[in-house]
Amino acid sequence: MSHQSAALPIAYIVLRILVILNWFFGACVLALLLYTFVNEPWTMRALGVSGYSDAQNVMWGMRAIAALGLAAIPLNYVNLKRLLAMVDSVRAGDPFVATNASRLRAIAWALLALQLLSIVIGMIAKALSTPAHPLNLDAGFSINGWLAVLLTFVLARVFAEGSLMSENVERTA
């Protein structure tokens, strides 16, 4: 009798929802970014930068941050789709396969890219921020983010070794 955890179906549903939300938020950011070019004065007022002496620089910096945010959308998609595929393989009862090791390596590289994007976004925000008009974003260096990158690379190696062990057991059985 196979005992499946309730976590797997929940994880599958949550991941499917996150895939949709990822694309939805990406579309929203793209629409807002494009609108900054269509109606820049309105955007400056809405963002509260119209009175800045360097409002144009702030707008270009915010556009750069939005564009980098758009670059995160496909990276998030890579992670979500690979996690979905891993959940499927676990549900099928075969988690330690070489494909999952590859999926984890792809996730680790995407996480690394996301961490680098976050650092660049944090640097732009810091350059735009002034004491009079601070720009506080949750971006920049994150020890937890970098630990997640390292952990994912290690897990990819663990899964690669697990798949080799599983293949060896199958050959000897």
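Notes on the structure follow. Keep in mind it's a predicted model, so treat the numbers as computed, not measured.

1. Quick notes on helix α2 (residues 40–47)
Each α-helix turn comprises 3.6 residues. Residues three or four places apart therefore point the same way.
Point 1. For α2, the complete set of buried residues consists of E40, T43 and M44. For α2, the angular spread of buried residues about the axis comes to 100 degrees, placing them on one side. Of the residues in α2, the exposed ones pointing more than 90 degrees away from the buried face are R45 and A46.
Point 2. Where α2 is buried, its residues touch α1 (7–38) and α3 (55–91).
Point 3. The N-capping residue of α2, defined by a side-chain oxygen 3.2 Å from the backbone nitrogen of W42, is N39.
Point 4. Count one or two residues on from α2 and you reach G48, which has phi positive near 75 degrees.

2. Brief notes about a nonpolar patch on the surface
Point 1. A cluster of nonpolar side chains, contributed by I10, I13, V14, I17, L18, L21, F24 and F25, occupies part of the molecular surface with about 730 Å² of accessible area.
Point 2. With respect to the helices and strands, I13 occurs in helix α1.

3. Some points on α3
Point 1. Between its first and last C-alpha, α3 extends 53 Å over 37 residues, near the 54 Å set by a 1.5 Å rise per residue.
Point 2. The first or second residue beyond α3 is G93, which carries a positive phi of 90 degrees.

4. Re the side chain of T152
Point 1. Mapped onto the secondary structure, T152 falls in helix α5 (residues 143–172).
Point 2. Within the local environment of T152, its side chain forms a polar contact with the backbone oxygen of A148, the two atoms lying 2.6 Å apart.
Point 3. Apart from residues no more than four positions distant in its own chain, T152 is found in contact with L104, I107, A108 and L111.

5. Notes on the pattern of salt bridges
Point 1. On inspection of all chains with the given rule, the structure shows 2 salt bridges.
Point 2. The salt bridge involving E40 is made with R63; its shortest N-O contact spans 2.7 Å. Of this pair, E40 sits in helix α2 while R63 sits in helix α3, and the two are 23 residues apart along the sequence.
Point 3. Assessed through its relative accessible area of 5%, R63 is described here as buried.
Point 4. As a salt-bridge pair, R157 and E161 come within 2.4 Å of each other at their nearest N and O atoms. Of this pair, R157 and E161 both sit in helix α5, separated by 4 residues, roughly a single helical turn.

Each value, and the rule that gives it
Residues numbered from 1 in each chain as written. Predicted model: local features only at pLDDT ≥ 70, side-chain atom pairs only at ≥ 80, totals over all residues. Heavy atoms only, no water. Buried < 20%, exposed > 50% of the residue type's maximum accessible area, 1.4 Å probe, protein only. Helix = DSSP H or I, 4+ residues; strand = E, 2+ residues; numbered from the N terminus. Arc of directions from axis to C-beta. Contact = heavy atoms within 4.5 Å. Polar contact = N/O pair within 3.5 Å; in protein donor to acceptor, adjacent residues only side chain to side chain. Patch = residues over 30% accessible without salt bridge, like charges linked within 9 Å, V, L, I, M, F, W, Y side chains within 5 Å. Areas by Shrake-Rupley, 256 points an atom, 1.4 Å probe, with all protein chains shown as cover. Salt bridge = Lys/Arg side-chain N within 4 Å of Asp/Glu carboxyl O. Expected span 1.5 Å × (residues − 1).

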